[in-house]
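Tertiary structure, described
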Amino acid sequence: TQIVQLSRLQGEPVSNAEQVLVDDIVGLALDRSRQLAEQRHVNLTRGGEGGLVVRGKREQLVTALVNLVHNAITYSDEKARVVVTTRTVDEGGDRRVSIAVTDNGIGIGPDDTKRIFERFYRVDYARSRQTGGTGLGLSIVAEIVEGHGGEVAVWSKLGSGSTFTMTLPAAADEEEEV
Ligand code: ATP
Ligand code: MG
C-alpha cells in the first residue's frame, strides 16, 4: 500500500500541493507509534517549533515519519528515549522545515550509514534481533521525502544512537502568496 501511495504525487508540482501542518504530521505519526513504544517501554516525546507548514501529501509524510520513529524505537534498547524535533532552517534565504528523529539506541557504523537508504539493506546485527520487517522502510522514506522536494539525512554513532532528519521546503506564508 505504501508503494501505491507514492504514485499520487508524481507529476504534480509540490508547490501546487495542499498545505500540511507539521504539527499534524508529528501528532499522527506519534499516535501510530505509541503502541510499539509502550511495548518496548521507550519514552517517546516531541519538541521544537510549532505552527510550521509544508506542502504535499499528508498521508505520505506521516508514513515517512512513522517509518523513522518505528526504526528509532525498534533499534533501541528497552527504556530508550526517542524524540521528534521540528524546526525551521534558513538555507541562504531558502526556508526549510526539518523534522528530526533522535534515538539513543544501538547506532549505525559509518560503512552502513552509506548504504542504509538502499532497498532491502539491513545491518546484520539488527537482523539477528529478529525484528521482522523487510528493509524497505528507509528507501520509502527517501522516495517520499525526495518526491516532496526534500532530503533525508542520517547522523549516527555505534553504541550512542542516531538522528534521522527529513528536510522539506517550507510552504510560503499566506501573505507572500497573494
Ligand atoms: P522495515 O522498515 O521494512 O520493516 P527495516 O527496519 O529493517 O525493515 P529500514 O527501515 O530500511 O528497514 O532500515 C534498514 C536498516 O537500518 C535496519 O535493518 C537497521 O539495521 C538500520 N536502522 C534503521 N534505523 C535505525 C536506527 N534508528 N538505529 C539503528 N539502526 C537503524
Ligand atoms: Mg524500518
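Scope of this entry: the structure provided in the associated data block. (Residues numbered from 1 in each chain as written. Chains lettered and ligands numbered in written order. Predicted model: local features only at pLDDT ≥ 70, side-chain atom pairs only at ≥ 80, totals over all residues. Heavy atoms only, no water.)

The helix and strand tally for the protein chain stands at eight helices and seven strands. In the protein chain, which comprises 178 residues, the share counted as buried stands at 45%. Across the protein chain, the fraction of contacts at a sequence separation of at least 24, relative to all contacts at a separation of at least 6, is 71%. Summed over all atoms, the accessible surface of the protein chain reaches about 9,400 Å², with 48% contributed by carbon and sulfur. (Helix = DSSP H or I, 4+ residues; strand = E, 2+ residues; numbered from the N terminus. Buried < 20%, exposed > 50% of the residue type's maximum accessible area, 1.4 Å probe, protein only. Contact = heavy atoms within 4.5 Å. Areas by Shrake-Rupley, 256 points an atom, 1.4 Å probe, with all protein chains shown as cover.)

Its location among the elements puts Leu-138 in helix 7 (residues 137-147). Judged by relative accessible area, Leu-138 falls into the buried class, the value being 9%. Residues Leu-138 and Val-152, 14 residues apart in the sequence, show an inter-C-alpha distance of 9.4 Å. Ignoring sequence-local partners within four residues, the contact set of Leu-138 consists of Leu-68, Asn-71, Ile-116, Phe-117 and Phe-164.

Lining the immediate environment of ligand 1, one finds 20 residues, of which Asn-71, Tyr-75, Arg-122, Thr-134 and Leu-138 sit closest. At 2.8 Å, a side-chain N or O of Asn-71 approaches an oxygen atom of ligand 1. Asp-103 is positioned with one of its side-chain polar atoms (N or O) 2.9 Å from a nitrogen atom of ligand 1. Protein contacts shield 91% of the accessible area of ligand 1, which totals 590 Å² for the unbound molecule. Residue assignment for the shell around ligand 1 shows that the elements contributing at least two residues are helix 4 (58-74), helix 7 and strand 7 (161-169). (Near = heavy atom within 4 Å. Polar contact = N/O pair within 3.5 Å; in protein donor to acceptor, adjacent residues only side chain to side chain.)

Let's shift gears to the packing of helix 2 (residues 22-31) against helix 4. Running from N to C, helix 2 and helix 4 point in directions that differ by 50°, and their axes come no closer than 9 Å. In terms of orientation, helix 2 lies oblique with respect to helix 4. Helix 4 is crossed by helix 2, and the crossing has right-handed handedness. Here helix 2 contributes Asp-24, Ile-25, Val-26, Leu-28 and Ala-29 to the contact with helix 4, which in turn contributes Arg-58, Leu-61, Val-62, Leu-65 and Val-66. Split into classes, the residues belonging to the contact of helix 2 with helix 4 amount to eight nonpolar, no polar and two charged. (Axes fitted to C-alpha atoms, helices over the stretch in contact; angles between N-to-C directions. Parallel < 35°, antiparallel > 145°, perpendicular 65-115°, else oblique. Left-handed = near helix turned anticlockwise from the far one by under 90°. Nonpolar A, V, L, I, M, F, W, Y, C, P; charged D, E, K, R; others polar.)

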